[in-house]
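# Overview (structure and organization)
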Amino acid sequence: MSGKNTILFGPPGAGKGTQAVRLRDLLDVPHISTGDMFRYHIKNDTELGRTAKEYSNAGKLVPDEVTIAMVKDRLSQADVKDGFLLDGFPRSVPQAEALDTITEELDLKLDNVINIGVSDDEVRARLAKRASIEGRADDADPAVIQNRIDTYKNQSEPCLKYYEPKGIVRTIDGIGSIEEIFDRIKKIFE
Ligand code: AMP
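So, here is what we can say about the structure in this document.

About the cut-offs
- Residues numbered from 1 in each chain as written.
- Predicted model: local features only at pLDDT ≥ 70, side-chain atom pairs only at ≥ 80, totals over all residues.
- Heavy atoms only, no water.
- Core = buried A, V, L, I, M, F, W, Y, C linked by side-chain atoms within 4.5 Å.
- Buried < 20%, exposed > 50% of the residue type's maximum accessible area, 1.4 Å probe, protein only.
- Helix = DSSP H or I, 4+ residues; strand = E, 2+ residues; numbered from the N terminus.
- Contact = heavy atoms within 4.5 Å.
- Near = heavy atom within 4 Å.
- Polar contact = N/O pair within 3.5 Å; in protein donor to acceptor, adjacent residues only side chain to side chain.
- Areas by Shrake-Rupley, 256 points an atom, 1.4 Å probe, with all protein chains shown as cover.
- Nonpolar A, V, L, I, M, F, W, Y, C, P; charged D, E, K, R; others polar.

### Quick notes on the nonpolar core
One finds Ile7, Leu75, Phe84, Leu86, Leu99 and Tyr163 to be the most contacted residues of the largest nonpolar core, which totals 29 residues. Counting only elements with at least two residues in this core, the list comes to β1 (6–9), α2 (34–43), α4 (64–75), α5 (93–105) and α9 (158–163). Apart from the residues within four sequence positions on either side, Ile7 is in contact with Leu86, Phe89, Pro90, Leu99, Leu110, Asn112, Val113, Ile114 and Tyr163.

Below you can see the structure in the form of C-alpha cells.
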C-alpha cells in the first residue's frame, strides 16, 4: 500500500472536498483543507479571516505568508504523525517549495499527489451549479469564476510539473459519479 501522506490536487470544482471526506475516512488521517480553514476564519471574523475574505471573494489566492504560516502551524500538530490529507494546498510552486521545507523540518514525507483531472468546460459548469446550490460567494460571479480558473492555470497547475520528477503524481479521471471517482482514488492505496 502507498503511504498515507497525500495532497489532493485539481482545479476548483474538481470535487476535491467531496472526495477528501471519503479519503479521510478511508485513511483515518486529518483532513487539512486551507479553503475550509479560511472559511472558518471568515465566518468568525478573525483578523486572518478579514485578510482571506478580500482575496477569496475575488477568486485570488490568499498571500503566501498567511497561507504557509497557517499550514505550517497545522502540520506541526501531533495528529499528523500517522498521515495527513492536504486539500487545496499547495496551490502555487512557491507553496510547494515551502511545503518541502516544512515537511523536511518536521520529518514528514510526501507520498502522493492525487490529481483529479477535469476539463475547463466541466469546471465552469460545475462552479456555476455549485453557486446555485451552496451559495458560496466565490462561486457566484462569472468574473470571479474566471479568475479562479485563471489562478489555477497560471499558479496552481505548475505544481504538477514541480512534483512530476518526484514520481508521486497520480492522475485520475475526475469525470464520473462520486463513487466511481472514489473507486479510482482507492486503487492508489490498494
Ligand atoms: P477552496 O475551497 O479550496 O476552493 O478555497 C477557497 C479560497 O480560499 C480560494 O479561492 C483562495 O482564495 C483561498 N485559498 C484556499 N487555499 C489556498 C491556498 N493554498 N493558497 C492561497 N489561497 C487559498
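### Details of the site of the ligand
Every one of the 16 residues lining the ligand counts as a neighbour, but Thr34, Arg39, Lys60, Gly88 and Gln95 are closest to it. Interatomic distance of 2.9 Å between a side-chain N/O atom of Arg39 and an oxygen atom of the ligand. Contact with the protein chains removes 95% of the 480 Å² of surface that the ligand exposes when unbound. Per element, the largest residue contribution to the shell around the ligand is four residues, and it comes from α2. For the shell around the ligand, the residue count by class is four nonpolar, six polar and six charged.

### Re unusual backbone geometry
Here the amide bond leading from Phe89 into Pro90 is cis, since omega sits at 0°, within 30 degrees of zero. Here Asp28, not a glycine, exhibits a phi torsion of approximately 60°, which is positive. Within the element layout of this structure, Asp28 appears in the loop between α1 (16–27) and β2 (31–33). Judged by its relative accessible area of 67%, Asp28 falls in the exposed class.

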